[in-house]
Amino acid sequence: ASHVRELIRDQSAIRIVDVIRDGRSVASQVRELRPDVVLVDMLLQGRVSAVTVIERLRQTVAGVPIVAIAVDGRTLDDATRARVDGVVRMPFGTFDLVRAIRDAASAGAARNPTTTSRIARATRSRRPRSISTWAASMRGGRSATTTRPA
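Predicted, not measured: the structure shown is a model, and the values here were computed from it.

(A) Main features of the side chain of Asp41. Take Asp41: it is sitting in strand 2 (residues 35-41). For Asp41, a relative accessible area of 10% gives the class buried. Reaching out from Asp41, the side chain makes a polar contact with the backbone nitrogen of Leu43 at a distance of 2.9 Å.

(B) Quick peek at empty space enclosed by the protein. There is about 30 Å³ of room inside the largest cavity. As for the largest cavity, its lining consists of Gly23, Arg24, Val26, Ala27, Val53, Arg56 and Leu57. Listing elements by their share of the lining of the largest cavity, those giving two or more residues are helix 2 (26-33) and helix 3 (50-60). Here the lining of the largest cavity takes three residues from helix 3, the largest share from any one element. Grouping the amino acids of the lining of the largest cavity by side-chain chemistry returns four nonpolar, one polar and two charged.

(C) Looking closely at the environment of Ala27. In this structure, Ala27 sits in helix 2. Residue contacts for Ala27: discarding those within four places in its chain leaves Leu57, Thr60 and Val61.

(D) Inspection of the pattern of salt bridges at higher detail. What the rule picks out here adds up to four salt bridges. Its salt-bridge partner being Asp85, residue Arg58 comes within 2.8 Å of it at the nearest N-O pair. In this pair, Arg58 sits in helix 3 while Asp85 sits in the loop between helix 4 (78-83) and strand 4 (86-90), placing the two residues 27 residues apart along the sequence. With a closest N to O distance of 3.5 Å, Arg99 and Asp96 form a salt bridge. Of the two residues, Arg99 and Asp96 both sit in helix 5 (residues 94-111), three residues apart, roughly one turn of that helix. On the basis of relative accessibility, which here comes to 42%, the residue Arg99 falls in the partly exposed class.

(E) The arrangement of the nonpolar core in detail. Among the nonpolar cores identified, the biggest contains 20 residues, and Val30, Val40, Met42, Val53 and Leu57 are the most heavily contacted of them. Counting only elements with at least two residues in this core, the list comes to helix 2, strand 2, helix 3 and strand 3 (66-71). Ranked by residue count, the leading element in this core is helix 3, at four residues. Counting 17 residues, the second-largest nonpolar core is a separate cluster that includes Val4, Leu97, Ile101 and Ala105.

(F) Spotlight on the environment of Val71. Mapped onto the elements of the fold, Val71 is located in strand 3. With 29 residues separating them in the primary sequence, Val71 and Met42 have C-alpha atoms 7.7 Å apart. If near-sequence neighbours (up to four positions away) are discounted, Val71 is found in contact with Leu43, Arg89 and Met90.

(G) Summary view of unusual backbone geometry. The step from Met90 to Pro91 runs through a cis peptide bond, and the omega angle for that step is -5°. Position of Pro91 among the secondary structure elements: in the loop between strand 4 and helix 5. Phi is positive for Arg34, which is not a glycine, with a value near 50°. On the basis of relative accessibility, which here comes to 48%, the residue Arg34 falls in the partly exposed class.

(H) Geometry of the packing of helix 2 against helix 3. For the pair helix 2 and helix 3, the least separation of the axes is 9 Å and the interaxial angle reads 50°. Here helix 3 runs oblique to helix 2, going by the angle between their axes. In this structure, the crossing between helix 2 and helix 3 has a hand that is right-handed. Where helix 2 abuts helix 3, its residues Val26, Ala27, Val30 and Arg31 lie against Val53, Leu57 and Thr60. A class-by-class count of the residues in the contact of helix 2 with helix 3 yields five nonpolar, one polar and one charged.

The rules we used
- Residues numbered from 1 in each chain as written.
- Predicted model: local features only at pLDDT ≥ 70, side-chain atom pairs only at ≥ 80, totals over all residues.
- Heavy atoms only, no water.
- Helix = DSSP H or I, 4+ residues; strand = E, 2+ residues; numbered from the N terminus.
- Buried < 20%, exposed > 50% of the residue type's maximum accessible area, 1.4 Å probe, protein only.
- Polar contact = N/O pair within 3.5 Å; in protein donor to acceptor, adjacent residues only side chain to side chain.
- 1 Å grid on protein atoms, 1.4 Å probe; cavity = no way out; pocket = protein on both sides within 12 Å on 5 of 7 lines; lining within 4 Å.
- Points joined across faces, edges and corners; volume = space filled by probe spheres on them.
- Nonpolar A, V, L, I, M, F, W, Y, C, P; charged D, E, K, R; others polar.
- Contact = heavy atoms within 4.5 Å.
- Salt bridge = Lys/Arg side-chain N within 4 Å of Asp/Glu carboxyl O.
- Core = buried A, V, L, I, M, F, W, Y, C linked by side-chain atoms within 4.5 Å.
- Axes fitted to C-alpha atoms, helices over the stretch in contact; angles between N-to-C directions.
- Parallel < 35°, antiparallel > 145°, perpendicular 65-115°, else oblique.
- Left-handed = near helix turned anticlockwise from the far one by under 90°.

Have a look at this one:
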């Protein structure tokens, strides 16, 4: 979590709006925060696994783009891979993370016309906005969310 926070802090296009520590509350928090992208740490442990978080998000929060943060060398199963819009593998740098977030936001925009117009407005704006199970935001957009181990 601290690595992602440092990378996001080092650039101005994206900001973390929240880090949700309890996988059970991710769907309700994402509905409330309305992030542009949700980052889910695949090493999430505790009462709710990262795979379960992703499944719940897909069932309850329509169209929110999801980026999985995975460990290099560990593969995602096909079902999980099909549910996410992007994967960034550790170790990664700012460029890789920002690219994965932007690609996921674009994929989400293609599925949701409201998001498309919001991201188009955000691209024209110069004011930095926020991201977050990490919640994050693109410029002029809403936010993204990220989940990390409890």
